[in-house]
Amino acid sequence: MPKTIAIYPGTFDPVTNGHLDLIQRGAKLFDELIVAILHNPEKKPVFSLEERIEMIQAILDKDYPNVRVDAFDGLLVEYAICQNAQVLIRGIRAISDYEYELQMALMNRRLEPRIETVFMMPAEAYTYLSSRMVKQVSKVGGSVEGLVSPLVAEKLREKMGVHP
Ligand code: PNS
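One structure accompanies this document, and this report is about it.

1. Remarks on helix H1 (residues 17–29)
Part 1 of the reasoning: Given a rise of 1.5 Å per residue, 13 residues ought to cover 18 Å, and the 19 Å separating the end C-alpha atoms of H1 matches this to within 8%.
Part 2 of the reasoning: Residues of H1 that are buried: Asn17, Gly18, His19, Leu20, Asp21, Leu22, Ile23, Gly26 and Ala27.
Part 3 of the reasoning: For H1, the N-terminal cap is Thr16; the gap from its side-chain oxygen to the backbone nitrogen of Gly18 is 3.2 Å.

2. What about helix H4 (residues 98–111)?
Part 1 of the reasoning: Given a rise of 1.5 Å per residue, 14 residues ought to cover 20 Å, and the 20 Å separating the end C-alpha atoms of H4 matches this to within 8%.
Part 2 of the reasoning: Those residues of H4 not exposed but buried are Glu101, Ala105 and Asn108. In a view along the axis of H4, the buried residues occupy a sector of 65°, so they form one face of it. Counted as exposed and oriented over 90 degrees from the buried face of H4: Glu99, Gln103 and Arg110.
Part 3 of the reasoning: Buried residues belonging to H4 abut helix H3 (76–82), strand E4 (87–91) and strand E5 (116–120).

3. A look at the packing of helix H5 (residues 131–139) against helix H6 (residues 150–160)
Part 1 of the reasoning: Look at H5 against H6: their axes get within 10 Å of each other, and the N-to-C directions meet at 55°. Here H5 is positioned oblique relative to H6, judged by the angle of their axes. The element H5 and its partner H6 pack so that their crossing is right-handed. Between H5 and H6, the contacting residues are Val134, Lys135, Ser138 and Lys139 on the first element and Leu156, Arg157 and Met160 on the second.

4. Some remarks on the sheet that holds strand E1 (residues 5–10)
Part 1 of the reasoning: Strand order in the open sheet formed by 5 strands is E3-E2-E1-E4-E5, and the pairing between neighbours is parallel. A strand with exactly one partner marks an edge of an open sheet, and here the two such strands are strand E3 (67–72) and E5. This sheet shows a mean twist of 30° between the axes of neighbouring strands, independent of strand direction.
Part 2 of the reasoning: Relative to strand E2 (residues 32–38), E1 is paired through 6 bridges, and the arrangement is parallel. Within the sheet, the bridge partner assigned to Gly10 lies in E2 and is Ile37.

About the cut-offs
Residues numbered from 1 in each chain as written. Predicted model: local features only at pLDDT ≥ 70, side-chain atom pairs only at ≥ 80, totals over all residues. Heavy atoms only, no water. Helix = DSSP H or I, 4+ residues; strand = E, 2+ residues; numbered from the N terminus. Expected span 1.5 Å × (residues − 1). Buried < 20%, exposed > 50% of the residue type's maximum accessible area, 1.4 Å probe, protein only. Polar contact = N/O pair within 3.5 Å; in protein donor to acceptor, adjacent residues only side chain to side chain. Arc of directions from axis to C-beta. Contact = heavy atoms within 4.5 Å. Axes fitted to C-alpha atoms, helices over the stretch in contact; angles between N-to-C directions. Parallel < 35°, antiparallel > 145°, perpendicular 65-115°, else oblique. Left-handed = near helix turned anticlockwise from the far one by under 90°. Pairing = 2+ DSSP bridges.

Purely geometric numbers; function is a separate question.
See the structure below:
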């Protein structure tokens with residue numbers, strides 16, 4: 001039986017508990033899961049690519065032997081083919097995510113029909129959680145406890161120059 005390899009792509013600036021929830025669900029469903037971080041300096045992320053990779057690796061540690069973290073640039077479907085992946089995972093939280101995700105999934109299918117997009121829902125508690133919100137709250141000194149891992153909360157405090 002060939003292995004099913006899934007890619008979970010994103011910016012992960014920074015990784016939230018919603019992302020981690022999907023990683024855990026994806027790791028159960030697929031033989032191998034690659035968390036693929038987009039290298040796009042034009043987006044001016046708060047965390048460098050290396051910081052984003054390190055944070056996810058440190059959080060996952062050795063608990064998920066079938067998950068690895070990687071970076072990509074250029075076309076996602078080309079990267080997926082290079083990795084011998086068959087599936088792209090994307091999270092859908094509220095219905096507002098759907099339109100953009102549908103466009104992206106259909107564009108990716110047009111570009112590469114061998115790759116299938118699978119939409120997954122995170123736990124209800126993370127429905128309104130996003131990296132953008134977490135950064136906004138953190139920037140003005142608000143608590144992000146329960147929304148990101150303690151490591152990410154600490155790194156956010158350092159980045160934002162906010163000290164409790
Ligand atoms: O976490 P994000 O920012 O919602 O992730 C978006 C991402 C990285 C999945 C998307 O921007 C992407 O795939 N970029 C790579 C370029 C590409 O392949 N574009 C064609 C799909 S529309």
